[in-house]
Structures are given as structure tokens and as C-alpha cells.
Amino acid sequence: MDARFWHAGVPKAGMSSPPKFDRIRRRSEFASIFARGRSLADYALVLYWRERTVGPPRVGFCVGKQLGKAVTRNRIKRLLRESWRVLAAEVEIPADLVFVARRGGVCFSLAEWVASMRGLLRRAKLLGEGNG
RNA sequence: CAACUGUGCCGGGCAACCGCGGGGGCGAGGACCGAAAGGUCGCUUCCGAGGAAAGUCCGAGCUCCACAGGGCAGGAUGCUGGGUAACGCCCAGCGGGGGCGACCCCAGGGAAAGUGCCACAGAAAAGGAAACGCCCAACGGAACCCGCCCGGGUUUCGCGGCAAAGCUGAAAAGGUGCGGUAAGCGCGCACCAGCGGCCGGGUGACCGGUCGGCUCGGCAAACCCCAUCCGGAGCAAGACCGAAUAGGAGGGAGAUAGGGUGGCCCGCCCUUCCCUCGGGUAGGUCGCUGGAGACGCCGCGGCAACCGGCGUCCUAGAUAGAUGGUUGCCACCCCGUGGAUCGCGAGGUUCCGGGGUACAGAACUCGGCUUAUAGGUACAGUUUUCAA
RNA sequence: GCCGACGUAGCUCAAUCGGUAGAGCAGCUGAAUCGUAAUCAGCAGGUUGUCCGUUCGACUCGGAUCGUCGGCU
């Protein structure tokens, strides 16, 4: 009990800022989400997701080689991470999400990525009521 | 206010807020995640992509595997001398080619070790030749003449002489000129090219001189020969920790349930359960950044590449892979039936608005090469020119 | 990241030792048919991915470059 109180109490300084989001990193997790998750897409992004019973939402990004060379792909990943940083607080349902970039979004700016991502999340009904 | 050549350098800057990766320090009690190995949090401070990080074309370090020694096969390199840990790289030179020039380019050993190829055309494409042709001095014919034989003359010819010219080709058996000849030929001579010997200079590639006999096609980025070098794989190398499941080895349990061996019993083996052990997968940690290191200065060191000495500094270490987002100001470039101003004019200066700022992202680490690259800039030099 | 293989007509593939780049399908024109398909005859279509080099002469030989496709956690 003492220890649990300490754990809950210490990160209160961090709680005021948006919580650090969890990433999906293992190859097996990506594979199972692609295999058994649900999916939605627009012309710039594909969203795969699988709901979970407990815990914060986790996210992974996938930018394939058809999107361009290393510089282009790195830039797209950074913009996707930034977009998720903007939207993560609005997602209230625990789930594993994977965003796959498509060719239509090569020239997107941050605002366009955020708009695309928000649209997909709304269609998947993963956003909280206040933001939906 | 020009056109170039060589060697280099920079690769937008400053500030604010939010966010990311790593090192150090503190919180810290071993709480949380995980079966374990191990990982996770907060605050603070410092650091955080390139000249090519790229292509993976060479050379090394490092790691594992193989290995007595030597040879063959295979591969790479290829003028000379240096530099270097090493190189196919760099520097200096030699030879050849290009440019008015500064300078640039060259896979630049051997064709007399051997094999092979040189299409079409052409007489002939390499120890070899004459169809068209040129010439009758000698040789051998034919016709005519000197009246006939002998002997001779003229013309013409070849089973005679020739390879110069013409023809073909990318390339034709040294080239040009003069002499010589029946016509010709290095047949003779002069110069040039090539070959060989000698002398001199140079470490050497080679250069200069001289003498000689007169002469030998090209292709080795065709096989090959010669000289030198090379064991193979690559950090996804490799080392350590290590579940679940399956399988392996050892020990034990059951008072023998089932199966096998056997005529039957004992025994032995398998199936069941427990414990231990080692191999090893997922996963994790290390390898992982301090090095042929960077920068500065000096040296009667070297033409230079480079070498030596001294001083200062620590300057990315991710692993679905860290540098981003939003702004403000400045720098540069482009656009404008835009405004002002100078000018006859092409146009220049300034203000305003809009847009843009290349090529491109470390993945074990170095030395090179190659390729991509907006714009800017330093030094040295060439040509034309009154002048740059 | 590392290691390999391949680029030829619109498509699928040939081209021996370096000597004029061919075949099938597709396309166009004509014949034949009332018309179409099939058939027959003819035609066009290529800087051999790109750029250098060796050679008298490169699809072929050498080098660079671009692109495509595999293999190794």
C-alpha cells in the first residue's frame, strides 16, 4: 500500500503535461494487429486497431519504402508522431493503433496529417465524447 | 561591364515555447512491469547527423570459422620513384595525346614463348601473293626482214622478270626525295621513323650522342605469358543471460495400470508424475564508440603527398530506429499590367506583397574512390584587351 | 545494414568466336466474307536502360551510373 501510494504520487508533476504515450515496437505485435485488427483508410493513411480491456492507448507507425527515400520517410514519421502527440489526449478508449502511411500523403503538412488522423479516429469511434 | 583554368572553404544565422534520444549527478526506500534475464519514473546539467552520412566500388582494423609446409586452380593490380596500417588511393616525375594558353586526359608491362581473330571488299589480312597491270636486258617462243642455213635486226608474247603505280580496306610488308634500271626493288644515297650495340646523364621510367645491319602489321578491356598481392565470411560478425513448448541425458516415484521382448515369471525398455543437468528459440544485455581522433603552432624535415615534436579538446550512439512543430527578425534568390525615383532607352536603386533556400539522415569504426548538390566565397593563374 | 541476379519492338523472349539486331502475339493496310472472327499477302515499329572507354567496328569486352527483383534478423 505504501509503495502504491508512492507510485501514484510521484509523477504528479508529469500528470499536468500530456502523458507520455506508449509505442508499439515489437514485430510480433505489429503482425498480430495487422492480422486480427480492424482497419479503416483514407487516401493518405490506413488505421489498423484492436481494442484492449485496460491501459492507455498504444500506437505504432509504419512508413514503407514506396513513400520515398530515407529523408522523406523520416519526415513523415516525425509528422505522424507530432500528430499523435496532438491527438493522444482525446483518445479515451484503450486500444492498440497502427497508422500506415500511403502515397497520397507524401507532401502533407502537419495540419493535413492531423486532419486525416482525426477523421479516421472519429470513424473508428475511438475519440472521447467531448472531442468527437 | 569578358571568357576561362587549377587548388580549397561554407552548406543559412539568431531568439522564444512545446516535444524526442544519450551520458553524468541526485531523488531511492527496492515500489511498478516481467517467469527470469532485464527494464521502467522525476528533477537537473551537458551533448545530439553529413560533405557527401549515399552508392557499397576498393583498402584496413575488429570478430568468428578453417589452417604443418608447399604447389595448383581462381581473382585483383600493371610506366617509374616515393607516401601510407593498407589500397585499385595520394604526391612527384617519364612517355603519348588534346588545347593559342593557364592546364587537362591516358587499363601506359609483354605480340621475337605459343594459340587465336582481322567480317565485307581486295591479288594478298601475315614467313605470304599476282586476276587487271608494268617491262622485254637475259631465257624461251611466234610473225616479218637482211635471198636461203648460220648469225643478226624489228615487232609481239610467256611456263620469263617485277611489285613501283592503280584498285580494296580501319590497316598492305618502313616514309619522303634524288640517283639507278628493260621495268622495278633499301638496289645505292640523304633525312625521318623503327631495331640492335656502345658511350654519357638519371635511383628509375627515360633522355642525349654515336655506330651498325638495312626492316619485323594490328588486337592481350581475345586466350595467354611475366611480376606483385590475396584463406573464407561478415557487427544480421560474435560473446553472455535466458522463459513457454517440444525433444535429449541422469536420478527417483508408483507396491505395477497399459504396451513391447518372452511359452510363463523375474528382469529390461516405452507410456505417466517429480527433481536435476546441459544444448537452445522468442526476448534481453554487451559488442557500441577515445580513434591509423580532431584542432592549433613549430621544424633551415621533404618540390609534394606526408613525416616528426609540442599544446589544447572529448565532439551522436539510435535499434519500428532519436534533430521535429509553431512563431518573430535578419541574409540570399525568384515573381509582380504593384508604388516611388534615376535614365531618351535597355535597365538600375529602394519600398511593399507573395513564394522559395539545394543534394540529402549516422546504424561497428576508419582511409580513399565514385555519384548527387541551390547559392556563396578565398587564393593563384591564362587568353583577348588601353584597362579586368 | 550486408550479399547476389537481371535490363533488347507495346508484351514474352532469341542473337555461337565482336562483323547488317530477329521470332511469336499485339498494331496498320489489302485480299476473302452480306458483316465479324479465323486464314492469306504486305507494312511499320529499336540511339539494345543511360554515359564513357578499348577496337577499324560493340547487344556482346571493360568501367561508371540509373532502375527492377531476390536472399540473410
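This text follows the structure it describes.
As the structure is a prediction and not an experimental result, all values here were calculated from the model.

Engineer: How should I be thinking about the pairing of strand 2 (residues 38-41) in this particular structure?
Structural biologist: Within a regular strand, the side chains alternate between the two sheet faces. Here four bridges tie strand 2 to strand 3 (residues 45-51), and the two strands are oriented antiparallel to one another. Residue pairing across strands places Leu 40 opposite Leu 47, the latter belonging to strand 3. Taken together, strand 2 and the strand that follows it, strand 3, pair antiparallel across an intervening segment of three residues.

Engineer: What should I look at first to understand the packing of helix 4 (residues 70-87) against helix 5 (residues 110-123) in this one?
Structural biologist: Each pair of packed helices gets described by two things: the angle between the helix axes and the distance between those axes. Look at helix 4 against helix 5: their axes get within 9 Å of each other, and the N-to-C directions meet at 55°. The orientation of helix 4 relative to helix 5 falls into the category oblique. Both helix 4 and helix 5 take part in a crossing whose hand is right-handed. Counting all contacts with helix 4, which are made through Ile 76, Leu 79, Leu 80, Glu 82, Ser 83, Trp 84 and Leu 87, the residues of helix 5 involved are Leu 110, Trp 113, Val 114, Met 117, Arg 118 and Leu 121.

Engineer: Mind showing me how you'd approach the pattern of salt bridges here?
Structural biologist: Should the charged atoms of two oppositely charged side chains come close, the side chains can pair. Going through the model one piece at a time under the given rule, you end up with four salt bridges. For Arg 58, the salt bridge identified is with Glu 29, shortest N-O distance 3.4 Å. With Arg 58 in strand 4 (residues 58-62) and Glu 29 in helix 3 (residues 27-36), this pair connects stretches of sequence that are 29 residues apart. According to the relative accessible area criterion, Glu 29 is partly exposed, its value standing at 21%. Measuring nitrogen to oxygen at the nearest pair gives 2.8 Å for the salt bridge that ties Glu 82 to Arg 85. In this pair, Glu 82 and Arg 85 are both assigned in helix 4, three residues apart and thus about one turn of the helix distant. Overlapping salt bridges, with partners in common, bring together Glu 29, Arg 58 and Asp 96 in one network.

Engineer: Can you walk me through the sheet that holds strand 3 in this structure?
Structural biologist: Working definition: the strands of a sheet are paired by backbone hydrogen bonds and lie parallel or antiparallel to each other. The mixed open sheet is built from five strands, whose spatial order is 1-4-5-3-2. One side of each edge strand has no neighbouring strand; the edge strands of this open sheet are strand 1 (22-23) and strand 2. Pairing of strand 4 with strand 5 (residues 95-101), which is carried by five bridges, proceeds in the parallel orientation. When the bridges of strand 5 are listed, Val 59 appears paired with Leu 97.

Definitions and limits used
- Residues numbered from 1 in each chain as written.
- Chains lettered and ligands numbered in written order.
- Predicted model: local features only at pLDDT ≥ 70, side-chain atom pairs only at ≥ 80, totals over all residues.
- Heavy atoms only, no water.
- Pairing = 2+ DSSP bridges.
- Helix = DSSP H or I, 4+ residues; strand = E, 2+ residues; numbered from the N terminus.
- Axes fitted to C-alpha atoms, helices over the stretch in contact; angles between N-to-C directions.
- Parallel < 35°, antiparallel > 145°, perpendicular 65-115°, else oblique.
- Left-handed = near helix turned anticlockwise from the far one by under 90°.
- Contact = heavy atoms within 4.5 Å.
- Salt bridge = Lys/Arg side-chain N within 4 Å of Asp/Glu carboxyl O.
- Buried < 20%, exposed > 50% of the residue type's maximum accessible area, 1.4 Å probe, protein only.

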